Amino acid sequence: MDEITLASWEDNWDAWVQKYIAAGTRSKEIDLVVETLGPDIYHFPLFTHAFCQEIIESAERQAQWSTDRHSFYPTTDVLLRDLGLDDMYHKVLEEFCHPVARQHWRLEGRRWLETMAEESFMARYRAEDQQLLSIHQDFGDYTFTVGLNTDFEGGGTWFPRHQVLANPKNGYCTLFPCITHPHGGRPTTKGTRYILVSFCRRRNLYVD
Ligand SMILES: O=C(O)CCC(=O)C(=O)O
Ligand SMILES: [Fe+2]
């Protein structure tokens, strides 16, 4: 059989999931794996070590890290689209992540089920360049962030209103709503911290 890679998800989805999606989440046992980190802040194991390692390698190999994609609170980042991994990531969000938001917040109807737009990217923090991200609001309905590594010091997603520090483990996906959950990236003081971020919003919300 051909080797399974991040990009080969369309060839054999079941084998791809077995290699890259964490146990429990893989079998869609939402109630078994989702933990509450704080008020409306949830996290669950999403990716295996292989996924985390391979996507970091892919970004470092191919990426042109940009520092000016957002005019306010820019991260040092690369769009998954520019890594050729946007469709794969959309499928992962649809299968394993949006269902968690839909279940916990009872999101029903066409707007929530059919019109979600996502902006997914990898962000990188290093003591010697972008070290932190100031407190801000994300532009969306809700956000998923995934910590990809743990070999750094400092870091984490800090929610000052709730006094919660998220993304302590790698491969874990954190979910939070946007308007009520201002947050920032705590300083990475040693090593490099990588995370995946997906801003999720209903498309054309105020258009019929
Ligand atoms: O560094 C983090 O954990 C947070 C990143 C973030 O808030 C963002 O990219 O909007
Ligand atoms: Fe953010």
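Remember, predicted model here, so these are calculated numbers, not experimental data. (Residues numbered from 1 in each chain as written. Chains lettered and ligands numbered in written order. Predicted model: local features only at pLDDT ≥ 70, side-chain atom pairs only at ≥ 80, totals over all residues. Heavy atoms only, no water.)

## A few points about the coordination of the iron ion (ligand 2)
Here is step 1: Around the iron ion (ligand 2), the protein contributes the donor atoms His136 (NE2), Asp138 (OD) and His183 (NE2), at 2.1 to 2.2 Å from the metal centre.
Here is step 2: Considered as a linear motif, the donors of the iron ion (ligand 2) on their single chain read H-x1-D-x44-H. One end of the pair, Asp138, is in the loop between strand 5 (133-136) and strand 6 (142-147); the other, His183, is in strand 11 (residues 183-185), and 45 residues separate them in sequence.
Here is step 3: According to the relative accessible area criterion, Asp138 is buried, its value standing at 8%.
Here is step 4: Using a relative accessible area of 4% as the deciding quantity, one classes His183 as buried. (Donors = N, O, S within 2.8 Å, 3.2 Å for Na, K, Ca; no water. Helix = DSSP H or I, 4+ residues; strand = E, 2+ residues; numbered from the N terminus. Buried < 20%, exposed > 50% of the residue type's maximum accessible area, 1.4 Å probe, protein only.)

## A closer look at the nonpolar core
Here is step 1: Residues Trp16, Leu46, Phe47, Phe51, Tyr142 and Leu196 are the most contacted members of the largest nonpolar core, which totals 49 residues.
Here is step 2: A per-element tally of this core places helix 4 (residues 86-105) first, with nine residues.
Here is step 3: Look past the residues within four positions of Phe51 in its chain and what remains in contact with it is Leu6, Trp16, Tyr20, Met88, Tyr89 and Leu196.
Here is step 4: By size, the runner-up hydrophobic cluster in this structure holds eight residues, among which are Ala123, Tyr125, Ile195 and Val197. (Core = buried A, V, L, I, M, F, W, Y, C linked by side-chain atoms within 4.5 Å. Contact = heavy atoms within 4.5 Å.)

## Thoughts on the environment of Pro177
Here is step 1: The residue Pro177 is located in strand 10 (residues 172-177) in this model.
Here is step 2: A relative accessible area of 15% places Pro177 in the buried class.

## Some words on the environment of Gln53
Here is step 1: Within the element layout of this structure, Gln53 appears in helix 3 (residues 49-62).
Here is step 2: With 96 residues separating them along the chain, Gln53 and Asn149 place their C-alpha atoms 8.0 Å apart.

## A closer look at the sheet that holds strand 8 (residues 157-159)
Here is step 1: Strand order in the open sheet formed by four strands is 5-11-8-9, with antiparallel pairing between adjacent strands. Across the chains shown, the open sheet's two edge strands, defined by having one partner strand only, are strand 5 and strand 9 (164-166). Taken pair by pair, the neighbouring strands of this sheet meet at an average axis angle of 20 degrees, ignoring direction.
Here is step 2: Relative to strand 11, strand 8 runs antiparallel, the two being bridged by two bridges. Residue pairing for strand 11: Trp158 is matched across the bridge by Gly184. (Pairing = 2+ DSSP bridges. Axes fitted to C-alpha atoms, helices over the stretch in contact; angles between N-to-C directions.)

## Here's the deal with the site of ligand 1
Here is step 1: Close contacts around ligand 1 come from 13 residues, with Tyr125, Asp138, Thr157, His183 and Arg193 the closest.
Here is step 2: His183 places a side-chain nitrogen or oxygen 2.9 Å from an oxygen atom of ligand 1.
Here is step 3: Most atoms of ligand 1, that is more than half of them, are within 2 Å of grid points of the largest pocket.
Here is step 4: Residue assignment for the shell around ligand 1 shows that the elements contributing at least two residues are strand 4 (116-126), strand 5, strand 11 and strand 12 (188-202).
Here is step 5: For the shell around ligand 1, the leading source of residues is strand 12, giving four residues.
Here is step 6: Of the residues that constitute the shell around ligand 1, the class distribution is six nonpolar, five polar and two charged. (Near = heavy atom within 4 Å. Polar contact = N/O pair within 3.5 Å; in protein donor to acceptor, adjacent residues only side chain to side chain. 1 Å grid on protein atoms, 1.4 Å probe; cavity = no way out; pocket = protein on both sides within 12 Å on 5 of 7 lines; lining within 4 Å. Sits in = over half its atoms within 2 Å of the grid points. Nonpolar A, V, L, I, M, F, W, Y, C, P; charged D, E, K, R; others polar.)

## A word on the environment of Arg111
Here is step 1: Its place among the elements puts Arg111 in helix 5 (residues 110-114).
Here is step 2: Here Arg111 falls in the partly exposed class, since its relative accessible area comes to 23%.

## Quick word on the UniProt feature "domain: Fe2OG dioxygenase" (unreviewed entry) in the protein
Here is step 1: If you check UniProt for "domain: Fe2OG dioxygenase" (unreviewed entry), the listed places come out as residues 116-202 in our numbering.
Here is step 2: The distance separating the terminal C-alpha atoms of residues 116-202 is 5 Å; by composition the span is 0% helix and 62% strand. (UniProt positions renumbered as here; feature names shortened; annotations may be inferred.)

## Describing the pairing of strand 1 (residues 35-38)
Here is step 1: Across three bridges, strand 1 lies against strand 2 (residues 41-45) in antiparallel orientation. Opposite Glu35, over in strand 2, you have His43 as the bridge partner.
Here is step 2: What sits between strand 1 and strand 2 in their antiparallel hairpin is a turn of two residues, with Asp40 showing a positive phi close to 60 degrees.

## What to know about the pattern of salt bridges
Here is step 1: According to the stated counting rule, one finds eleven salt bridges in the structure shown.
Here is step 2: Here Lys28 ties to Glu95 by a salt bridge, and the two come within 2.5 Å at their closest N and O atoms. Of the two residues, Lys28 sits in the loop between helix 1 (13-20) and helix 2 (30-33) while Glu95 sits in helix 4, which places them 67 residues apart along the sequence.
Here is step 3: With a shortest N-O distance of 3.1 Å, Arg102 and Glu94 are connected by a salt bridge.
Here is step 4: A single network of salt bridges, built from pairs that share partners, joins Arg69, Asp77, Glu119 and Arg201. (Salt bridge = Lys/Arg side-chain N within 4 Å of Asp/Glu carboxyl O.)

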